[in-house]
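Structural characterization, general
One-letter residues, chain by chain:
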Amino acid sequence: MVVKVEKLVKRYNDLIALDHFNLEVKEGEVFGLLGPNGSGKTTAINCILSLLKYDKGNIEVFDKPMAPDAYDIKRDIGIIMQNVAVFDELTVYENIDYFCGLYVTDKEKRKKLVKEAIDFVALNDFKKFYPKKLSGGLLRRLNIACGIAHKPKLIILDEPTVAVDPQSRNNILEGIQKLNAEGATIIYTSHYMEEVEQICSRIAIMDKGKIIATGTKDELKSMIEIGEKISVELFTKVEHILSDIQKIKGVTSVNYENDLLVIKSKRGYNNLTNILDYLKENKISYGRIYSELPTLNDVFLEITGKQLRD
Amino acid sequence: MFLHIFLNRLKCLIRDKQVMFWTLMFPILLATMFKMAIPDVVNLEKFEPIDIAVINNVEYQNNIAFNSALSSVSSKESSSDLMFNTKIVNEEEAKELLKNNKISGYIILNDGPKIVVKESGFKQTILKQFINEYLQVTSQYHNILESNPASIQNFISELGSSESYIKEVSSNNDAPNSSVSYYYALIAMTCLYGAMHGMKEVLSVQANQSPQGARVSLAPTNKLKVFASSILAATVIQILIILILLTYLRFALNLDFGNQIGYIILTAVCGSLVGVSFGAMVGSIIKGKEGLKISIIVSFTMLFSFLSGMMWLDIKYIIANKVPILSYINPANVISDAFYALYYYDTYTRFFTNIGVLCVFSIIFYLITFFIMRRQKYASI
């Protein structure tokens, strides 16, 4: 087991930030920690890294107890924090070299590692730039390079795509998958469910300091009753439409909001054809119509009763 | 590893424009402004002979005693060693000179000396004091002559042999110049501005102070070793800054610090240690943004510098007399006093006492910093 956390409790005065938090991350995984802001993701990461004191619980990394002076463990960890952690007075190259130098003392070896890190995040054209001259996306890439240059076995990324443009976001997500393919175990925290769905092999959903569900994305989606969600662009709301559709077999809910009729059906029921037939028979004009499978947001909604982005 | 961190921290400190302005450029600008302003201050402190006139009438010509007394404190040409620049004129001329502010007052002998002035002030008070003293001595002389003529000889000899209880001493073969005290306070302020470097180094290694500090704390390196390397870089930069300032004062502004360069550098080094350690302590104790810490450092440094006489020299002496303990716990005052002791004293007791106090300050500041920084986990980040 790369990371094993048991019954971790962390309090900030009266607030329980982590409430008997359990976590197991296996070697080679891209493990996603998904939860809304304030759910305790960063606190959990800081406790795992021995930056924060905690009230109860056990933390093991690489099957050894984690501690601030566990240097043999720390040597194999790379961290990319939510806040960009670079020095404004050092260039791109110097920043990566400085942080890599805290792990690797051999100058020649370090030079090679820094070059590889710069290639990895595609910052070759910006080596001599100071961080203040970089765009938000490039800065995030520099932040990642500083965390991975020493080739760690475990890489923890805490919301690395906050305030990043789509192009840089894709670049970062592809990079994470590449690092995983090269053998690194990844822990990825985010409140963006699309990202987590895209790259994580296993996901834990957090709320109020607790893990409320763990599994692959398909396992998580199979935990809920909803199987299909059909959205119909409808420009006139007629009350009887809602009640008529509600009568179709397997339909669990029908809602109309912002010119959009949303119909949810139980798992195992495919009602798209039935809906189309109903609209045609009743000569109801409609715009676009599409069907989608449940998302992690639906999973979160069904378990907690609130949206993931609340 | 140590060298790697040291060199990179040197780069960071040198390239930090805001901190370099406050620690190097600001003192240089201030010193240049002092140079332009302080000669006038010195002139104010120097006594200039007072221009007066005496009416050339019969009584004046016959009063040998007054003539003699006046000529002993007057000169016909301007001279800083004497009290009055005296002109012998007629009454009309005297009135004209007074009207045109060419003289502070004039003396007319008409049944004894009388003074005519246009306004009251410092110079007029001196003139009046001189006349009072003359009248007092002549009155005593006449009294003795009338009551006991035999003792007049003793009185005259006592007048002639009045003993001075003030002795002028040399100061390291250099002429004393009170204006250097302002520069001592300025150097002390610059030493204390080293606090900004110390504060920045704490920020760079403390996980609860900055994201960079968190990243450093996660590295497989003892945090205190990283800090030792960083703080050494800060100290080296600060000492270089002080040496640049001293060079500028000595060679660009032609300021004479005496001929004890080794001791001057020792003071600058000890002052820099105090400054850097003070900043490290502030950085570790105060939670908050860098701007807040800089504000606290600048405020304390300016307060310390003011109390050591950088803006108003008299405050230093007022505090030394009224609240002497404040003189000893104000690092800026201790640094400036070390320079002062070097400049004005032939012995080194006071100088080394100040150096000792500075070392104690530095040790205390570093101990407090160490006790706060040795924590490896935080309650919150």
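Residues numbered from 1 in each chain as written. Chains lettered and ligands numbered in written order. Predicted model: local features only at pLDDT ≥ 70, side-chain atom pairs only at ≥ 80, totals over all residues. Heavy atoms only, no water.

Details of the overall build of chain B
When helices and strands are counted, chain B shows 17 helices and five strands. By residue count, 48% of the 381 residues in chain B fall in the buried class. A separation threshold of at least 6 residues defines the contact pool for chain B, and within that pool the share at least 24 residues apart is 72%. Summed over its atoms, the accessible surface of chain B is roughly 19300 Å², and 62% of this surface lies on carbon and sulfur atoms. (Helix = DSSP H or I, 4+ residues; strand = E, 2+ residues; numbered from the N terminus. Buried < 20%, exposed > 50% of the residue type's maximum accessible area, 1.4 Å probe, protein only. Contact = heavy atoms within 4.5 Å. Areas by Shrake-Rupley, 256 points an atom, 1.4 Å probe, with all protein chains shown as cover.)

Details of the domain arrangement of chain A
By domain assignment, chain A separates into domain 1 (3–221) and domain 2 (226–293). Domain 1 of chain A and domain 2 of chain A are separated by 42 Å when their C-alpha centres are compared. (Domains from an automatic or database assignment.)

Considerations on the sheet that holds strand 14 (residues 289–292) of chain A
Residue and element names in this part refer to chain A. Strand order in the open sheet made by the four strands is 12-13-11-14, with antiparallel pairing throughout. Each edge of the open sheet is held by one strand with a lone partner, namely strand 12 (251–257) and strand 14. Across this sheet, the average inter-strand angle for adjacent strands is 15°, counted without regard to direction. Examined bridge by bridge, strand 11 (residues 226–233) and strand 13 (residues 260–266) share seven bridges and lie antiparallel to one another. When the bridges of strand 13 are listed, Ile-226 appears paired with Lys-266. In the packing of helix 9 (residues 239–246) onto the sheet, contacts are made with strand 12 and strand 13, and the angle to strand 12 comes to roughly 160°. (Pairing = 2+ DSSP bridges. Axes fitted to C-alpha atoms, helices over the stretch in contact; angles between N-to-C directions.)

What about the interface of chain A and chain B?
Note on interface size: it is often stated as the accessible area lost on association of the parts. With 37 residues of chain A in contact, the opposing surface of chain B contributes 29 residues. For the pairing of chain A and chain B, the buried interface totals around 3200 Å² over both sides, and the portion due to carbon and sulfur atoms is 62%. Counting across the chain A and chain B interface gives two salt bridges. On inspection of chain A and its partner chain B, the count reaches 13 residue pairs in polar contact (both at pLDDT 80 or more). Among the elements of the structure, strand 1 (3–12), helix 2 (71–74), strand 6 (77–80), helix 3 (92–101) and helix 5 (136–148) of chain A are those that each provide at least two residues to the side of chain A that touches chain B. When residues of the side of chain A that touches chain B are assigned to their parent elements, the largest contribution, five residues, is made by helix 3 of chain A. (Buried area = accessible area lost by both parts, 1.4 Å probe. Salt bridge = Lys/Arg side-chain N within 4 Å of Asp/Glu carboxyl O. Polar contact = N/O pair within 3.5 Å; in protein donor to acceptor, adjacent residues only side chain to side chain.)

Observations regarding the environment of B:Phe370
All names here are of chain B. With respect to the element layout, Phe-370 can be found in helix 17 (residues 349–373). Given a relative accessible area of 38%, Phe-370 falls into the partly exposed group. Each C-alpha atom of the pair Phe-370 and Leu-224 lies 8.3 Å from the other, and the pair is 146 residues apart in sequence.

Considerations on the domain arrangement of chain B
Under the domain assignment used here, chain B contains domain 1 (2–41 + 177–373) and domain 2 (48–150). Summarising the inter-unit geometry, the C-alpha centres of domain 1 of chain B and domain 2 of chain B are found 54 Å apart.

Comments concerning the sheet that holds strand 6 of chain A
All names here are of chain A. If you walk across this open sheet you meet the six strands as 6-7-8-3-9-10, and the pairing is mixed. In this open sheet, the two strands that pair with only one neighbour each are strand 6 and strand 10 (210–215). Taken over all neighbouring pairs, the strand axes of this sheet differ in orientation by 15° on average, direction set aside. Looking at chain direction, strand 9 (residues 202–207) and strand 10 are connected through five bridges and run antiparallel. Pairing of Ile-205 across the sheet is with Ala-213, part of strand 10. Its contacts with the sheet place helix 5 against strand 6 and strand 7 (154–158), and it is angled at close to 165° to strand 6. Along the sheet face, helix 6 (residues 166–181) touches strand 3 (30–34), strand 7 and strand 8 (185–190) and points at about 155° away from the line of strand 8.

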